[in-house]
Amino acid sequence: MGRETDFLDLYRILGLNPGCGLAEFKHAYRRRVSVLHPDRRSGNSRNNVIAAERLQHLTALYGAAIEFERQHGRLPGAARVQPPQDVAVRPPTFQRSATPPPSRRLRWLLVALVAAASLAWLLWNSEGSLRNGEPGSVASESQPLSPANGTAGERATTASPSMLELGMDIDAVRAIQGDPVIDGADQWEYGPSWIRFENGKVVDWYSSPLNPLRTTTMQPAHAHD
């Protein structure tokens, strides 16, 4: 099945025509998901399996359409926005600097002056230390590690979590799971899976086998029946 044929099938499932608005498109998708979602259906197991397969097919087509919209700024099948014909695109102009760059001889002279000044400072500092009866070693070699610096293990940062956890904030969830298909005030939906928030913290989730979340369990330990 080609890409264009898939999008035509998606519009047929949603009951829309190509060129519809993005808000109408998302609303039709949510309405269709509510019909096919296994948690909201009752009946024999065969009908549930068929509904699950249709929901998986719908979710894959919807994800491809949303990705197309992000790349092209329009839904598949919508008319392209043509730029005005009378606007001429001019190539950028570059103005050559009036001040010529320094010559290679001048650069080498500056490097030599800096090296000579550094050597003179080191010699002066070493002679002053010898006059005061102090060794001329570098201070960092004789000083112990400051407690503020800590050990290498203490300076190691804790790796950020890679799986969903209860109490995790919205930014951490977005970094692990990515942007949701439906972004609600207290619930994010990833196709048939969802994550619920209270006061900006994760309190519950459901990980569907059709589109599993990045978690080790389908539901947290305190999930409602």
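Residues numbered from 1 in each chain as written. Predicted model: local features only at pLDDT ≥ 70, side-chain atom pairs only at ≥ 80, totals over all residues. Heavy atoms only, no water.

> Quick question: what am I supposed to make of the overall build of the protein here?
The helix and strand tally for the protein stands at seven helices and four strands. Going from N to C terminus, the protein has its helices and strands arranged as α-α-α-α-α-α-α-β-β-β-β. Counting only residues that meet the buried cut, the protein has 26% of its 225 residues in that class. When contacts within the protein are restricted to residue pairs at least 6 apart in sequence, long-range pairs at least 24 apart make up 42% of them. With the model as given, the accessible surface of the protein reaches about 16700 Å², and the carbon-plus-sulfur share is 54%. (Helix = DSSP H or I, 4+ residues; strand = E, 2+ residues; numbered from the N terminus. Buried < 20%, exposed > 50% of the residue type's maximum accessible area, 1.4 Å probe, protein only. Contact = heavy atoms within 4.5 Å. Areas by Shrake-Rupley, 256 points an atom, 1.4 Å probe, with all protein chains shown as cover.)

> Before we go on, may I ask you to explain unusual backbone geometry in this structure?
For residues that are not glycine, phi is negative in most cases, and the peptide bond is trans in most cases. Although it is not a glycine, Asn199 sits at a positive phi angle of roughly 55 degrees. Take Asn199: it is sitting in the loop between β3 (193-198) and β4 (201-206).

> Would you mind going over the nonpolar core with me for this structure?
The nonpolar side chains of soluble globular proteins are, as a tendency, buried together. Among the nonpolar cores identified, the biggest contains 19 residues, and Leu10, Leu14, Leu16, Phe25 and Leu58 are the most heavily contacted of them. Of all elements in the fold, only α1 (3-14), α2 (22-36) and α3 (45-72) reach the threshold of two or more residues within this core. Here this core gets seven residues from one element, more than from any other, and that element is α3. For Leu16, the contacting residues outside a window of four places in its chain are Tyr11, Glu24, Phe25 and Ala28. (Core = buried A, V, L, I, M, F, W, Y, C linked by side-chain atoms within 4.5 Å.)

> Can you walk me through the sheet that holds strand β1 (residues 182-183) in this structure?
Two modes of strand pairing occur in sheets, parallel and antiparallel, and in both the strands are linked by backbone hydrogen bonds. As summarised here, the arrangement of the four strands in space is β1-β2-β3-β4, forming an open sheet in which the pairing is antiparallel. The sheet is open, and its two borders are formed by β1 and β4, each paired with just one other strand. Pairing geometry for β1 and strand β2 (residues 187-190), over two bridges, is antiparallel. Residue Ile182 lies in a different strand from β2, and its bridge partner there is Glu189. Strands in contact with helix α7 (residues 170-177) are β1, β2, β3 and β4; relative to β2, the strand with the most contacts, it is inclined by about 5 degrees. (Pairing = 2+ DSSP bridges. Axes fitted to C-alpha atoms, helices over the stretch in contact; angles between N-to-C directions.)

> Explain the pattern of salt bridges here, please?
Note that side chains of opposite charge can pair when their charged atoms are close. Inspection of the entire model under this criterion finds three salt bridges. Note that Asp9 and Arg12 form a salt bridge whose closest N and O atoms lie 2.7 Å from each other. Within this pair, Asp9 and its partner Arg12 are both found in helix α1, separated by three residues, close to a single helical turn. Among the residues examined, Asp9 registers a relative accessible area of 14% and is labelled buried. You can call Arg12 exposed: its relative accessible area is 58%. A salt bridge links Arg196 to Asp204, with the shortest nitrogen-to-oxygen separation between them at 3.6 Å. For Arg196, a relative accessible area of 28% corresponds to the partly exposed category. Asp204 gets classed as buried once you look at its relative accessible area, which sits at 5%. (Salt bridge = Lys/Arg side-chain N within 4 Å of Asp/Glu carboxyl O.)

> Before we go on, may I ask you to explain the pairing of β3 in this structure?
Here is the key point about a regular strand: its side chains alternate between the two faces of the sheet. Of the strand pairs in this sheet, β2 and β3 are connected by four bridges, and their pairing is antiparallel. Along β3, the bridge assignment pairs Glu189 with Trp194. Here β2 folds back onto β3 in antiparallel fashion, the turn holding two residues, of which Gly191 has a positive phi close to 65 degrees. In this structure, the hairpin formed by β3 and β4 is closed by a connection of two residues, where Asn199 is found at a positive phi of approximately 55 degrees.

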